[in-house]
2 protein chains.
Amino acid sequence: MISKNQIKFIRSLQLKKHRDAHNCFVVEGEKIVDEIIKSDFSIYQIFATKGWLLSNPNIVAEQTHKISEKELSRISQHSTPNKVLAVVEKAERELKISTITKGLTLVLDEIKDPGNLGTIIRVCDWFGVERIICSKNSVDIYNSKVVQATMGSLVRVMLYYDDIEDVINQLPSDFPIYGAYMDGKNITDIVIEKDAILIIGNESFGISDKVGLFIKERIAIPNQKEGAESLNVAIATSILLHEFRR
Amino acid sequence: MISKNQIKFIRSLQLKKHRDAHNCFVVEGEKIVDEIIKSDFSIYQIFATKGWLLSNPNIVAEQTHKISEKELSRISQHSTPNKVLAVVEKAERELKISTITKGLTLVLDEIKDPGNLGTIIRVCDWFGVERIICSKNSVDIYNSKVVQATMGSLVRVMLYYDDIEDVINQLPSDFPIYGAYMDGKNITDIVIEKDAILIIGNESFGISDKVGLFIKERIAIPNQKEGAESLNVAIATSILLHEFRR
């Protein structure tokens, strides 16, 4: 059974201000809930069908509710709800500046589309990117469309929201910082540093002027055919990360 | 003004059987209609706002209709309709087998998701891929979600639907055919032939067994972190095409 107040609470979490106020977010479907269970995230509430509960007898959550398919469809954001929905506590992630000088840090300067952020998180999972830093005006990682597009990768990728300029100002002045531009140098012609920052800009406007000031090397993906449409930001990020890991 | 029959006709084109019967499809929005106008596609009908018609005085279409924003929203598939909708004749594309031995041919074996096909077409436009061949059970290029995801690239990319086995059977037996597999050889370790076929499989099942028989080299994208989610098919295709053009 599910109460009206519970339905109201879960629906309220569609908005960032309520996710922030309650410090939790919603995940849906067997695959992603399974990833959450295996991770260090804490589960506050599980709403699941009898079948799911029977196949997952050892779930630890503060509250577990058996509900019908029909009830599930009332709280689901999906057109075909899939057995289980969980309300999960947001992870406390505190960025330690000293860690940035080891490995690859992807910096996202105002990515706005939830599908793009989710896809980028999934690709960072594949390539084992050490951390992602999003500008504070980027889309929220706990937006349900982002969560869905990550396909569960969000449990394995370290993502922080911070002020990009503040972060970079605390790094050694010679630390390699690459930025993706349409008119940058061909990425395949460059010797890429392993410990580095790669900055990707907004879908429409690219990297903001104030962040652009910090970039040491402007890079681009070659082989654009004349007159061709530009690459989507998630695709461009994927190709660049492939080159960083090549 | 727009009549009830016109509304009914445009809405009917959401289904492939009607697009096939009438040999036309719908494009929406200033950017894509502009690409269509500059291409060799023939426009059957234009439904546009007064403002759009005033800024595009030299449009050649069999029928041009001035309509209101409100009327546009009745025929649009978009949540925020954008000034113009066109009904366009499908292009007659006949695959000449002899052309395949020159350049890169991307073969898609049962891609089902419209967003994936649209994104792949856009990436092929960027990299100047010579042609795409889709298996006949793939999603239709004239599906409105595919058209939208191409961002106009569909006018510049040659795409054919054909029987993959039939096509390959007509090629020289030593022609290079690469296939993307999770357990293939690292693409960065291979000397890639410029004149070649690259085969990408279905989102869930990969390359079908019958098509797999023709593959000479199984390739993969390296650097998957242990336990990571696999790459989306459009992302994987983009990285592989980047390597083919590198």
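So, a few notes on the structure that sits alongside this text. (Residues numbered from 1 in each chain as written. Chains lettered and ligands numbered in written order. Predicted model: local features only at pLDDT ≥ 70, side-chain atom pairs only at ≥ 80, totals over all residues. Heavy atoms only, no water.)

## Some words on the overall build of chain A
Here comes step 1: Looking only at helices and strands, chain A has ten helices and ten strands in total.
Here comes step 2: Sorting the 246 residues of chain A into buried and exposed places 53% on the buried side.
Here comes step 3: Restricting to contacts in chain A with at least 6 residues of sequence separation, those with at least 24 account for 75%.
Here comes step 4: As displayed, chain A offers around 11,700 Å² of accessible surface, 48% of which is attributable to carbon and sulfur atoms.
Here comes step 5: Here chain A contributes 31 positively and 33 negatively charged side chains, and the mean placements of these two sets differ by 8 Å. (Helix = DSSP H or I, 4+ residues; strand = E, 2+ residues; numbered from the N terminus. Buried < 20%, exposed > 50% of the residue type's maximum accessible area, 1.4 Å probe, protein only. Contact = heavy atoms within 4.5 Å. Areas by Shrake-Rupley, 256 points an atom, 1.4 Å probe, with all protein chains shown as cover. Lys, Arg positive; Asp, Glu negative; His and termini not counted. Charge placed at Lys NZ, Arg CZ, Asp CG, Glu CD.)

## A short note on the state of the cysteines
In a disulfide, the sulfur atoms of two cysteines are held together by a covalent bond.
Here comes step 1: Summed over all chains, the structure comprises zero disulfides over all chains.
Here comes step 2: We note that Cys124(B) lacks a disulfide partner, and the nearest cysteine sulfur, in Cys134(B), lies 9.3 Å from it. (Disulfide = S-S within 2.5 Å.)

## Remarks on the packing of helix H6 (residues 114-127) of chain B against helix H10 (residues 233-244) of chain B
All names here are of chain B.
Here comes step 1: Running from N to C, H6 and H10 point in directions that differ by 15°, and their axes come no closer than 9 Å. Of the possible angle classes, the one that applies to H6 and H10 is roughly parallel. The element H6 and its partner H10 pack so that their crossing is right-handed. In this structure, H6 contributes Asn-116, Thr-119, Ile-120, Val-123, Cys-124 and Phe-127 to the contact, and H10 contributes Val-233, Ala-234, Thr-237, Ser-238, Leu-241 and His-242. (Axes fitted to C-alpha atoms, helices over the stretch in contact; angles between N-to-C directions. Parallel < 35°, antiparallel > 145°, perpendicular 65-115°, else oblique. Left-handed = near helix turned anticlockwise from the far one by under 90°.)

## A look at unusual backbone geometry
Among all residues save glycine, negative phi is the norm, and among peptide bonds the norm is trans.
Residues and elements named next belong to chain B.
Here comes step 1: The backbone of Asn-23 shows a phi angle near 55°, a positive value even though the residue is not glycine.
Here comes step 2: Its location among the elements puts Asn-23 in the loop between helix H2 (16-22) and strand S1 (24-28).
Here comes step 3: Despite not being glycine, Lys-83 shows a phi value in the positive range, around 70°.
Here comes step 4: Checked against the element boundaries, Lys-83 lands in the loop between helix H5 (69-75) and strand S4 (84-89).
Here comes step 5: Accessibility expressed as a relative area gives 35% for Lys-83, which makes it partly exposed.

## Notes on the sheet that holds strand S9 (residues 196-200) of chain A
All names here are of chain A.
Here comes step 1: What the six strands build is an open sheet, ordered S7-S6-S5-S9-S8-S10; its pairing is parallel. One side of each edge strand has no neighbouring strand; the edge strands of this open sheet are strand S7 (159-162) and strand S10 (217-220). With strand direction ignored, the average angle separating the axes of adjacent strands in the sheet is 35°.
Here comes step 2: Relative to strand S6 (residues 131-135), strand S5 (residues 104-108) is paired through four bridges, and the arrangement is parallel. Residue pairing across strands places Leu-106 opposite Ile-132, the latter belonging to S6.
Here comes step 3: Against the sheet, helix H6 (residues 114-127) contacts S5, S6 and S7, and its axis sits at roughly 175° relative to S5. (Pairing = 2+ DSSP bridges.)

## Considerations on the packing of aromatic side chains
Residue and element names in this part refer to chain A.
Here comes step 1: All chains considered together, the criterion is met by eight aromatic pairs over all chains.
Here comes step 2: Both rings, one in Phe-25 and one in Tyr-142, keep their centres 4.2 Å apart while their planes meet at 35°; by these two values the pair is tilted. Taken together, the residues span a long stretch of sequence, with Phe-25 in strand S1 (residues 24-28) and Tyr-142 in the loop between S6 and helix H7 (144-150) at a distance of 117 residues.
Here comes step 3: What makes Tyr-142 buried here is its relative accessible area of 9%.
Here comes step 4: An aromatic cluster is built from Phe-25, Phe-41 and Tyr-142, whose rings are joined through pairwise contacts.
Here comes step 5: A cation over a ring is seen here: Arg-218 above Tyr-181, with NZ or CZ 3.7 Å from the ring centre. (Phe/Tyr/Trp six-rings, centres within 6.5 Å; stacked < 30°, edge-to-face > 60°. Lys NZ or Arg CZ within 6 Å of the ring centre and 35° of its normal.)

## Here's the deal with the pattern of salt bridges
Here comes step 1: According to the stated counting rule, one finds 31 salt bridges over all chains in the structure shown.
Here comes step 2: When the shortest N-O distance is used, the salt bridge between Asp125(A) and Lys225(B) registers 3.2 Å. Residue Asp125(A) is found in helix H6, and its partner Lys225(B) is found in the loop between strand S10 (217-220) and H10; the two belong to separate chains.
Here comes step 3: Residue Asp125(A) is classed as buried on the basis of its relative accessible area of 0%. (Salt bridge = Lys/Arg side-chain N within 4 Å of Asp/Glu carboxyl O.)

## So, the relation of the copies chain A and chain B
Here comes step 1: Least-squares fitting of chain A to chain B yields an RMSD of 0.0 Å, with the transformation described by 0.0 Å of translation along the axis and a rotation of 180°. Taken together, the rotation angle and the small translation identify this as a two-fold axis.
Here comes step 2: The share of interface residues of chain A whose copies in chain B are also at the interface is 100%, consistent with both copies meeting through the same surface. (Least-squares fit on C-alpha atoms with pLDDT ≥ 70 in both.)

## What to know about the sheet that holds S4(B)
Residues and elements named next belong to chain B.
Here comes step 1: If you trace the four strands from one edge of the open sheet to the other, you get S1-S4-S2-S3, paired in mixed fashion. For this open sheet the edge positions go to S1 and strand S3 (63-66), each flanked by a neighbour on one side alone. Across the sheet, the mean angle separating the axes of adjacent strands is 15° when strand polarity is ignored.
Here comes step 2: Where helix H3 (residues 30-38) meets the sheet, it contacts S1, strand S2 (43-48) and S4, and its direction lies at approximately 130° from that of S1.

## What to know about the interface of chain A and chain B
Here comes step 1: Between chain A and chain B, the contact holds 34 residues from the first and 34 residues from the second.
Here comes step 2: Together, the buried faces of chain A and chain B total about 3,100 Å²; carbon and sulfur atoms form 59% of this surface.
Here comes step 3: Joining chain A to chain B, the criterion identifies 18 residue pairs in polar contact (both at pLDDT 80 or more).
Here comes step 4: Those elements that provide at least two residues to the side of chain A that touches chain B are helix H3 (30-38), H6 and helix H10 (233-244) of chain A.
Here comes step 5: Across the side of chain A that touches chain B, the residue classes break down as twelve nonpolar, twelve polar and ten charged. (Buried area = accessible area lost by both parts, 1.4 Å probe. Polar contact = N/O pair within 3.5 Å; in protein donor to acceptor, adjacent residues only side chain to side chain. Nonpolar A, V, L, I, M, F, W, Y, C, P; charged D, E, K, R; others polar.)

## A closer look at a positive patch on the surface
All names here are of chain A.
Here comes step 1: Taken together, Lys-4, Arg-11, Lys-70 and Arg-74 make up a surface patch of like positive charges.
Here comes step 2: Elements with a minimum of two residues in the positive patch: helix H1 (4-12) and helix H5 (69-75).
Here comes step 3: With respect to the secondary-structure elements, Lys-70 resides in helix H5. (Patch = residues over 30% accessible without salt bridge, like charges linked within 9 Å, V, L, I, M, F, W, Y side chains within 5 Å.)

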